Every structure is written in C-alpha cells, then in structure tokens.
Amino acid sequence: MKVVEYCDVCEDETEHELIRAEKNLYRCKVCGSVRQIIPEREIEIKAIISTSGESEVGRVRAKESEMLRVGEEVVVEVVDEVKVVEITALELKDRKRVEIAEAKDIYAVWLRNVSEVDVKFSLHKGAVTTPYKMRTTGETEFEVGERINIDNFIFRITRIKKLDGKLLKKRGDKAKAKEIKRIYAKFERKV
C-alpha cells in the first residue's frame, strides 16, 4: 500500500510504501527513510442536504482532524447516489453553529446541492414581470447581455443577483448557476 505523507528528511510530501503492516512502518520512496505512520480514523457525519426546497439526510465521510468550512464543496453519499454539495452550516455536538470546525467535533453538516440547482428568473415584458424557474447544473454559466430562449421567447439577461449579495450588471459579467440568487431578463422577441 502506498500513501503520500510529509517526510522529515526530504522536508516535503512524498510517496511512502508500506513495509510492515503490523507496525504501520512506511519507507519514503525518495530518500529511503523509514517511519511509523498511524492511519487517521475516518468518521461519518450526519448531512442534511437541501435541493430546491426539499431536504434529505445523508452522510459525509471525513478524517477526524479534517477541517470543514462553510462555503466549501464536498461529496456526500445519499442512499445509492453521490452528490456534490456546498456546506452552508456546521452544527457542533453542543448544537452551536460555527463557520469552521474539525470533523470530530461536528454533529451535523448542512448542505446545499450544487450539482443541480434551480435558477430563479424575473422576466420583464413591458410593465409585466413574470417569475420563472429553470433547473440546470450548478456549473452552468450565465452572462449579462446573453440571449436566452425561455418557452420560445427570447430574453436578454440584464442583471444577475448573486447569493453573496453582489449585483452583476456590466455586459460580459458572468456567474455560475450555483452562485446565483436571481437573474433579471428583458423580453426581446418571440421565436
């Protein structure tokens, strides 16, 4: 078995190979030095995943000393499926909420599914504004000035409101679907 660990002799992370499993002894493949590496225990943490207003419970796997942070993307297991999600809150065992914590101290991780998201639109046609929702991958990019076909009507994106509060209104400004709170678009023509 091979692992990548920090080598004190090389003063860098290098590949190590297992030479005696019962004693957890590994040899650095660069300098040949031998040291004991005790594998860190991996734990499962309760995960509450929100997808377009619906919640489901899953599990996040992490090493005990791994630091988890709000805003970070992680992979979560739900039944027979794996999803890419963003951490929105960390709840400690004493029920206190924090921005950053070691995995061993966390009771539950609150997450937002970013592999598939609903993007909200405000579609303007004259004096009428119509709400609209589009489901897409979290990585899909939208751009101010871009033309978009919605139900056989062409709209031009005029502004993008991001989840962090920033408003994009300059032509060419872009945002990924997972970062967007709402897109404002103006009617141009029927297809």
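Right above here is the structure, for reference.
Residues numbered from 1 in each chain as written. Predicted model: local features only at pLDDT ≥ 70, side-chain atom pairs only at ≥ 80, totals over all residues. Heavy atoms only, no water.

A.B. asks: An account of the overall build of the protein is requested, with residue identities and associated values reported.
C.D. replies: Scanning the protein for helices and strands turns up zero helices and 20 strands. For the protein, the C-alpha radius of gyration of 23 Å lies well beyond 16 Å, the compact-globule estimate for 191 residues. If you line up the protein on its principal axes, its C-alpha atoms span 75 × 40 × 30 Å. For the protein, the residues scored as buried account for 32% of the 191 residues in total. Once local pairs closer than 6 in sequence are excluded, the contacts in the protein between residues at least 24 apart make up 41%. Put simply, the protein shows about 12,000 Å² of open surface, and 47% of that area lies on carbon and sulfur atoms. In the protein, the 40 positive side-chain charges and the 37 negative ones have mean positions that sit 8 Å from each other. (Helix = DSSP H or I, 4+ residues; strand = E, 2+ residues; numbered from the N terminus. Rg over C-alpha atoms; globule rule 2.2 N^0.38 Å. Buried < 20%, exposed > 50% of the residue type's maximum accessible area, 1.4 Å probe, protein only. Contact = heavy atoms within 4.5 Å. Areas by Shrake-Rupley, 256 points an atom, 1.4 Å probe, with all protein chains shown as cover. Lys, Arg positive; Asp, Glu negative; His and termini not counted. Charge placed at Lys NZ, Arg CZ, Asp CG, Glu CD.)

A.B. asks: Requested: an account of the side chain of K178, with residues and values cited.
C.D. replies: Along the chain, the position of K178 falls in the loop between β19 (174–176) and β20 (180–190). Polar contacts involving the side chain of K178 include one to the side chain of E73, which spans 2.4 Å. (Polar contact = N/O pair within 3.5 Å; in protein donor to acceptor, adjacent residues only side chain to side chain.)

A.B. asks: Which residues make up the environment of K176, and what values do they have?
C.D. replies: Here K176 is to be found in strand β19. K176 gets classed as partly exposed once you look at its relative accessible area, which sits at 26%. Residues K176 and E143, spaced 33 residues apart in sequence, show a C-alpha to C-alpha distance of 8.9 Å. The residues contacting K176, other than those within four sequence positions of it, are G138, E139, T140 and E141. Among the polar contacts listed, one links the side chain of K176 to the side chain of E139, at a separation of 2.8 Å.

A.B. asks: Before we move on, could you go through unusual backbone geometry and cite the residues and values that matter?
C.D. replies: Of note, E11 is a non-glycine position whose phi angle comes to about 55°, a positive value. Secondary-structure assignment places E11 in the loop between β1 (2–7) and β2 (12–20). Despite not being glycine, D151 has its phi angle at roughly 50°, a positive value. Given the relative accessible area of 54%, D151 is considered exposed.

A.B. asks: Explain a nonpolar patch on the surface to me, and be specific about the residues and the numbers.
C.D. replies: Residues V75, V82 and V84 make up a contiguous nonpolar surface patch of about 250 Å² in total accessible area. By the element assignment, V84 lies in strand β9 (residues 81–92). Classification of V84 as partly exposed rests on a relative accessible area of 35%. (Patch = residues over 30% accessible without salt bridge, like charges linked within 9 Å, V, L, I, M, F, W, Y side chains within 5 Å. Salt bridge = Lys/Arg side-chain N within 4 Å of Asp/Glu carboxyl O.)

A.B. asks: Lay out the pattern of salt bridges in plain terms, naming residues and giving numbers.
C.D. replies: Within the structure shown, the criterion is met by 18 salt bridges. One salt bridge connects R97 with E91, and the closest N-O pair in it is separated by 3.8 Å. Residue classification places E91 among the buried positions, given a relative accessible area of 9%. Measuring nitrogen to oxygen at the nearest pair gives 2.8 Å for the salt bridge that ties E139 to K176. In this pair, E139 sits in the loop between β14 (128–137) and β15 (141–143) while K176 sits in strand β19, placing the two residues 37 residues apart along the sequence. Given the relative accessible area of 43%, E139 is considered partly exposed.

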